[in-house]
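Fold and contact review
Spelled out from the first residue to the last, the chains are:
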Amino acid sequence: MRVASLGSGSRGNATLIEWPGGSLLIDCGFSVKETCARLERLGKSGSDLTAIIVTHEHADHIKGVAALARRFGLPVYMTPGTFHSRDLGKLPELHLIEAYQSFCLGELTVEPVAVPHDAREPAQFIFSCGGVRLGVLTDLGTVSPHVEDMYQNCDALVLEANHDPMMLASGPYPPSLKTRVGGPWGHLSNQQAAGFLARVDCTRLQYLVIAHISQKNNSLERAREALSPVTADISEVIYACQDEGFDWLSLAPGPVLAEASA
């Protein structure tokens, strides 16, 4: 299995996962034109995709989903709450994720995880194939016991560290938005992400990708400062960005450490 990002942040999100039997896009917060350009940068096109999986209905995650699905005839997977929260028009093939039940795409097992976020029925996901376990965990305001239990023993983890509380408090957002972002249904702070990492078993973790970093309420320096005490033993820590996301990371089962492909 390998994973890459088309972009990560409030102006658009999309994560690409590839396994021997196919490839999928988690979210599509970009226009079709922009998505295709970003896929090309990773050596892929929309016609290579097997499916799109949607985490929730906020525009930076769902903006391009319907148009991309129609352009390439792709099946779309999402919870009923996410589907009914927006008028997406006619989709080529819709699969509703009922009650956060796991499902398979060929040899890839997809485990939806309920998270506390200000959306109708948000989900994050854990992907397993060939003995490799990849967790994607962004867009949540609180790490619930359920979330903590589900994300143990990942081989790779894409984790949100959205904001620094002091920067958020003194930043340009209006008070209502500051309250939403920093609240229990908003986004994880650097310190919340660090606390989560301190409590989960990271023994198998080959890659940790810090994602959804706010361009207005955070900085790489502050994120690194908060996370460094709990990431010293992780083989590779990568910070995803809005414009370029992150390049392909190839995952291997067991203790063998994978290398990022060019």
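For the structure itself, look to the data block above.
Read on for a plain summary of the structure. The structure displayed is predicted, hence computed values, not measured ones.

Focus on the sheet that holds strand β1 (residues 2-7)
Across the sheet, seven strands lie side by side as β6-β5-β4-β3-β2-β1-β14; this open sheet has mixed pairing. Among the strands making up the open sheet, the edge pair consists of β6 (93-96) and β14 (246-250). Averaged over all pairs of adjacent strands, the angle between strand axes in this sheet comes to 20 degrees, irrespective of strand direction. Judged from the two bridges that link them, strand β4 (residues 51-53) and strand β5 (residues 75-78) form a sheet pairing that is parallel. Counted as the bridge partner of isoleucine 52 is valine 76 from β5. Helix α1 (residues 32-41) rests against β1, β2 (14-19) and β3 (22-26) of the sheet, and its axis sits at about 140 degrees to β1. Sitting on the sheet, helix α3 (residues 65-72) is in contact with β3, β4 and β5, with an inclination near 170 degrees to β4.

Looking at α3
Side chains of residues three or four places apart in an α-helix project in the same direction, reflecting 3.6 residues per turn. The complete set of buried residues in α3 reads Val65, Ala66, Leu68 and Ala69. Each buried residue of α3 sits inside an arc of 165 degrees when the element is viewed along its axis, so together they form one side. Just downstream of α3, glycine 73 is the residue with a positive phi angle, here 65 degrees.

Comments concerning the pairing of strand β8 (residues 108-114)
Buried residues dominate β8, accounting for five of its seven residues. Bridge count between strand β7 (residues 103-105) and β8: three bridges; the pairing is antiparallel. Counted as the bridge partner of cysteine 104 is threonine 109 from β8. Turn length for the β7-β8 hairpin, with the two strands adjacent in sequence and antiparallel, is two residues, and the turn residue glycine 106 shows positive phi of about 60 degrees. Where β8 lies against strand β9 (residues 123-129), six bridges are found, and the strand directions are antiparallel. By the bridge assignment, alanine 114 is partnered in β9 with alanine 123.

So, the side chain of glutamate 111
Position of glutamate 111 among the secondary structure elements: in strand β8. In terms of polar contacts, glutamate 111 uses its side chain to reach the side chain of arginine 133, at 3.1 Å. Those residues within four positions of glutamate 111 in sequence are excluded, and the remaining contacts are Ser102, Gln124, Phe125, Ile126, Ser128, Arg133 and Met150.

Things to note about the pattern of salt bridges
Tallied over the full model, the rule gives nine salt bridges. Here arginine 2 and glutamate 18 are joined by a salt bridge, their closest N and O atoms 2.6 Å apart. Pair noted here: arginine 2 is in strand β1 and glutamate 18 is in strand β2, with a separation of 16 residues, a long-range link. Across the pair arginine 199 and glutamate 148 runs a salt bridge whose closest N-O atoms are separated by 2.7 Å. Residue arginine 199 is located in helix α8 (residues 190-199), and its partner glutamate 148 is located in helix α5 (residues 145-150); the two are separated by 51 residues in the primary sequence. The partly exposed category is assigned to arginine 199, whose relative accessible area is 43%. A single network of salt bridges, built from pairs that share partners, joins Arg2, Glu18 and Lys44.

What about empty space enclosed by the protein?
To find the voids left in a structure, one rolls a probe of water-molecule size over its atoms. Scanning all chains against the criterion turns up two cavities of 30 Å³ or more. Space inside the largest cavity adds up to approximately 130 Å³. Looking at the lining of the largest cavity, the elements that each hand over two or more residues are β1 and β2. Classifying every residue of the lining of the largest cavity by side-chain character gives six nonpolar, 10 polar and one charged. The residue inventory of the lining of the second largest cavity, partitioned by class, reads six nonpolar, no polar and one charged.

Each value, and the rule that gives it
- Residues numbered from 1 in each chain as written.
- Predicted model: local features only at pLDDT ≥ 70, side-chain atom pairs only at ≥ 80, totals over all residues.
- Heavy atoms only, no water.
- Pairing = 2+ DSSP bridges.
- Helix = DSSP H or I, 4+ residues; strand = E, 2+ residues; numbered from the N terminus.
- Axes fitted to C-alpha atoms, helices over the stretch in contact; angles between N-to-C directions.
- Contact = heavy atoms within 4.5 Å.
- Buried < 20%, exposed > 50% of the residue type's maximum accessible area, 1.4 Å probe, protein only.
- Arc of directions from axis to C-beta.
- Polar contact = N/O pair within 3.5 Å; in protein donor to acceptor, adjacent residues only side chain to side chain.
- Salt bridge = Lys/Arg side-chain N within 4 Å of Asp/Glu carboxyl O.
- 1 Å grid on protein atoms, 1.4 Å probe; cavity = no way out; pocket = protein on both sides within 12 Å on 5 of 7 lines; lining within 4 Å.
- Points joined across faces, edges and corners; volume = space filled by probe spheres on them.
- Nonpolar A, V, L, I, M, F, W, Y, C, P; charged D, E, K, R; others polar.

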